[in-house]
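# Results of the structural survey
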Amino acid sequence: MNDNDLKKSTFLLRLHERHFKNEITCLGEQLVEIINCIREETSDLIWFAFDVFGSSDRAFVELFSNAYSEFLSTDELIQKASGVIQFYSGVFIGIKKGKHVEWNFDRLPDTEENEGLQHPEAEIRPFDTSYFEIYGMDRIIESKIKSHFMLSDQ
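Just so you know, these numbers come straight off a predicted model, no measurement behind them.

## A few points about the overall build of the protein
When helices and strands are tallied, the protein shows three helices and six strands. Counting from the amino terminus, the protein carries its helices and strands in the arrangement β-α-β-β-α-β-β-β-α. Scored against the burial criterion, the 154 residues of the protein give a buried share of 50%. Of the contacts formed within the protein by residues at least 6 apart in sequence, a portion of 68% connects residues at least 24 apart. Accessible surface computed for the protein: about 7,900 Å², of which carbon and sulfur atoms make up 46%.

Encoded structure:
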């Protein structure tokens, strides 16, 4: 199988406003909370961000470029996400450092439900200010998120 083929994730978690201490969802601080929850497990990942739109106190393109952005560490993604007030859409894909990735620029990831993983380490998607979806292959990541956000089996 080609490494760029879509793969079915081992888990899919959906976080709504009831999982956060806020009636508003898809906030930058909420993405930071999700990532901090799995920071140890994602410390060896680089992150790519696609289809990211939202609101910020400064020009959004300073945080996330139009086509896609690359962050060399989880900490760098946290820093950028901290500058976002609210995400309207986005795809954040964590890939093991050193793994060669060839993106198909005719089919870059966009914010669609159940799209499948292109590079299955971790993926987080804010949807239309309504909820976050987290996909992945690592059951430890799934367990930590469920525990942190008090999720029952979905």
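## Regarding helix α1 (residues 28–37)
Along α1, seven of the 10 residues are buried, which leaves the element largely enclosed by surrounding structure. Along α1, the residues that are buried comprise Gly28, Gln30, Leu31, Val32, Ile34, Ile35 and Cys37. On the buried face of α1, the contacting elements are β1 (11–15), α2 (74–82), β4 (84–96), β5 (122–127), β6 (131–136) and α3 (139–148).

## Quick look at the pairing of β5
β5 sits mainly inside the fold: six of its six residues count as buried. Where burial is concerned, the two faces of β5 agree: the one with Ala122, Ile124 and Pro126 and the one with Glu123, Arg125 and Phe127 are both buried.

## A few points about α3
Those residues of α3 lying buried are Ile141, Glu142, Ile145 and Lys146. Mapping the buried residues of α3 onto a view down its axis gives an arc of 130°, with all of them on the same face. Exposed and oriented more than 90 degrees from the buried face of α3 are Ile140 and Ser147. Residues of α3 that are buried make contact with β1, α1 and β6. The backbone nitrogen of Ile140 has a side-chain oxygen 2.8 Å away, supplied by the residue at the start of α3, namely Asp138. Count one or two residues on from α3 and you reach Met150, which has phi positive near 55°.

## Focus on unusual backbone geometry
A negative phi holds for most residues other than glycine; trans holds for most peptide bonds. Not every positive phi belongs to a glycine, and Cys26 is a case in point at roughly 70°. Along the chain, Cys26 turns up in the loop between β1 and α1. Note on Cys26: relative accessible area 0%, which makes it buried. For Asp128, which is not glycine, the phi torsion reads 45° and is therefore positive. Mapped onto the elements of the fold, Asp128 is located in the loop between β5 and β6.

## Digging into the packing of aromatic side chains
Counting across every chain of the model gives 10 aromatic pairs. Taken together, a centroid distance of 5.8 Å and an interplanar angle of 70° make the contact between Phe64 and Phe92 edge-to-face. With Phe64 in the loop between β2 (45–56) and β3 (68–71) and Phe92 in strand β4, the pair connects residues that are 28 residues apart, well separated along the chain. By the burial criterion, Phe64 is buried, and Phe92 matches it. These aromatic residues form a ring-pair network of at least three members: Phe60, Phe64, Phe71, Phe87 and Phe92. Seen from the ring of Tyr131, Arg14 lies directly overhead, with NZ or CZ sitting 4.3 Å from the centre.

## So, the nonpolar core
Membership of the largest hydrophobic core comes to 33 residues, with the highest contact counts inside it found for Phe64, Phe87, Phe92, Ile124 and Ile145. Listed by contribution, the elements that provide at least two residues to this core are β1, α1, β2, α2, β4, β5, β6 and α3. Per-element accounting of this core gives the leading share, five residues, to α1.

Rules behind the numbers
- Every chain is numbered on its own, with residues counted from 1 as its sequence reads.
- Where totals are concerned, whole chains, interfaces and linings use all residues; where local detail is concerned, this predicted model gives features only for residues with pLDDT of at least 70, and gives and counts side-chain atom pairs only at 80 or more.
- Just so you know, side-chain values use all the structure's heavy atoms and leave hydrogens and water out.
- Note on conventions: DSSP H or I runs of at least 4 residues are helices, E runs of at least 2 residues are strands, and numbering of each starts at the N terminus.
- Working definition: with a 1.4 Å probe on protein chains only, accessible area under 20% of the residue-type maximum means buried, over 50% means exposed, and in between means partly exposed.
- We call two residues in contact when some of their heavy atoms are within 4.5 Å.
- The protein chains shown are the only cover counted for residues, whose accessible areas, like all others here, come from Shrake-Rupley with a 1.4 Å probe.
- This arc describes the spread of directions from the helix axis toward the C-beta atoms.
- For this analysis, a polar contact is any N or O atom pair within 3.5 Å, provided that within protein one partner can donate a hydrogen and the other can accept it, and provided that sequence-adjacent residues contribute only side-chain to side-chain pairs.
- Within 6.5 Å between ring centres, the rings of Phe, Tyr and Trp (the latter by its six-membered ring) count as paired, and their orientation is classed by plane angle as stacked under 30 degrees, edge-to-face over 60, tilted in between.
- By definition here, charges over rings are those cases where NZ of Lys or CZ of Arg is within 6 Å of the ring centre and within 35 degrees of the ring normal.
- Note on terminology: a nonpolar core comprises buried Ala, Val, Leu, Ile, Met, Phe, Trp, Tyr and Cys residues joined through side-chain atoms within 4.5 Å.

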